[in-house]
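# Examining the three-dimensional arrangement
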Amino acid sequence: MKRLFLLTGMVLTLLLTGCAKKASYDYTAFKESKPRSILVLPPVNHSPDVNASHSMLSTVTAPLAEDGFYVFPVAVVEETFKQNGITGAEDIRAVSAAKLREIFGADAALYIDITSYGSSYMVVSSETRVTANAKLVDLRNGKVLWTGNATASDSENDNNNGGIIGMLVQAAVKQISSTISDKGHDIAGLTSYRLLSASQTDGLLYGPRSPNYGKQAMR
């Protein structure tokens, strides 16, 4: 009986642990900071695709603007760095928060790392995947206000029912078409929304330009 009670207790503990709700992100620093404007820095690319940084950069401003923040035009930001002799994403990242605040006057800066980008062929399947993580830093004091990560893939809804030969042909065709059309750019857009949209779980809070500003009391 003693062993039975012990096993029952262990099973209940595992069930309760498995059913426990994931803790919500702590937005205390974000709410205290109340950023109104965001400077998006060129993403640092850790993938083999040389187009990843610019592709991702072109997709992140839309969800931020829809969230209700003023986003500095990326072309203007890039040109400003270029005029100061800084062109690489890693070199730009090395610029201090205080200096970024002095130059642009932004409340916060968004730092992005791309860990995977592009299409890969895996014998019986082909996939275009984009994964990125980001952090929002208050340029007035250097505090991290928010961090997040997201991934998207064109194989999320794949349904291979054509047998092994069909799968091989489908994978090859998919790989070629994805490379020619740069499908990674489309997937990067989806990743950006999953990463930054205030409507996503543990995403950013809405900014002051949004009608939903201040209505996320549950976060």
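Provided above is the structure to which this section pertains.
An account of the accompanying structure is given in this report. This is a predicted model, so every value here is computed, not measured.

Cut-offs used in this document
- Residues numbered from 1 in each chain as written.
- Predicted model: local features only at pLDDT ≥ 70, side-chain atom pairs only at ≥ 80, totals over all residues.
- Heavy atoms only, no water.
- Helix = DSSP H or I, 4+ residues; strand = E, 2+ residues; numbered from the N terminus.
- Buried < 20%, exposed > 50% of the residue type's maximum accessible area, 1.4 Å probe, protein only.
- Contact = heavy atoms within 4.5 Å.
- Areas by Shrake-Rupley, 256 points an atom, 1.4 Å probe, with all protein chains shown as cover.
- Phe/Tyr/Trp six-rings, centres within 6.5 Å; stacked < 30°, edge-to-face > 60°.
- Lys NZ or Arg CZ within 6 Å of the ring centre and 35° of its normal.
- 1 Å grid on protein atoms, 1.4 Å probe; cavity = no way out; pocket = protein on both sides within 12 Å on 5 of 7 lines; lining within 4 Å.
- Points joined across faces, edges and corners; volume = space filled by probe spheres on them.
- Pairing = 2+ DSSP bridges.

### Quick notes on the overall build of the chain
- Within the chain one finds 8 helices and 6 strands.
- Scanning the chain from its N terminus toward the C terminus, one meets helices and strands in the order α-α-β-β-α-β-α-α-α-β-β-β-α-α.
- Buried positions account for 40% of the 219 residues belonging to the chain.
- Contacts spanning at least 24 positions in sequence make up 68% of the contacts within the chain whose residues lie at least 6 apart.
- When the accessible surface of the chain is summed, it comes to about 12,500 Å², and 58% of that surface belongs to carbon and sulfur atoms.

### Re the packing of aromatic side chains
- Tallying each qualifying case throughout the model produces 6 aromatic pairs.
- Ring geometry for phenylalanine 81 and phenylalanine 104: centres 5.5 Å apart, planes at 55°, overall tilted. Taken together, the residues phenylalanine 81 in helix α4 (residues 74-83) and phenylalanine 104 in helix α6 (residues 97-104) connect sequence positions 23 residues apart. Like phenylalanine 104, phenylalanine 81 is buried.
- Through successive ring pairs, a cluster of aromatic residues spans Tyr25, Tyr27, Phe30 and Phe69.
- Seen from the ring of tyrosine 111, lysine 135 lies directly overhead, with NZ or CZ sitting 5.6 Å from the centre.

### With respect to empty space enclosed by the protein
- As enumerated under the stated definition, the model contains 2 cavities of 30 Å³ or more in all.
- Space inside the second largest cavity adds up to approximately 30 Å³.
- Contributing to the lining of the second largest cavity are Val40, Pro42, Leu57, Val74, Val77 and Glu78.
- Per element, the largest residue contribution to the lining of the second largest cavity is 3 residues, and it comes from α4.

### Some details on the pairing of strand β1 (residues 37-40)
- The alternating pattern of β1 places Ser37 and Leu39 on one face and Ile38 and Val40 on the opposite face, and all of these are buried.
- In this structure, β1 lies alongside strand β3 (residues 70-71), joined through 2 bridges in parallel fashion. Residue pairing in the sheet places serine 37 in a bridge with tyrosine 70 of β3.

### Some points on the environment of alanine 106
- Tracing the backbone through its elements, the reader meets alanine 106 in the loop between α6 and β4 (108-121).
- By relative accessible area, which is 0% here, alanine 106 ends up buried.
- Along the primary structure alanine 106 and arginine 36 are separated by 70 residues, whereas in three dimensions their C-alpha atoms are 8.2 Å apart.
- The contact partners of alanine 106, leaving out residues within four places of it in the chain, are Ser37, Leu39, Phe72, Arg101 and Leu139.

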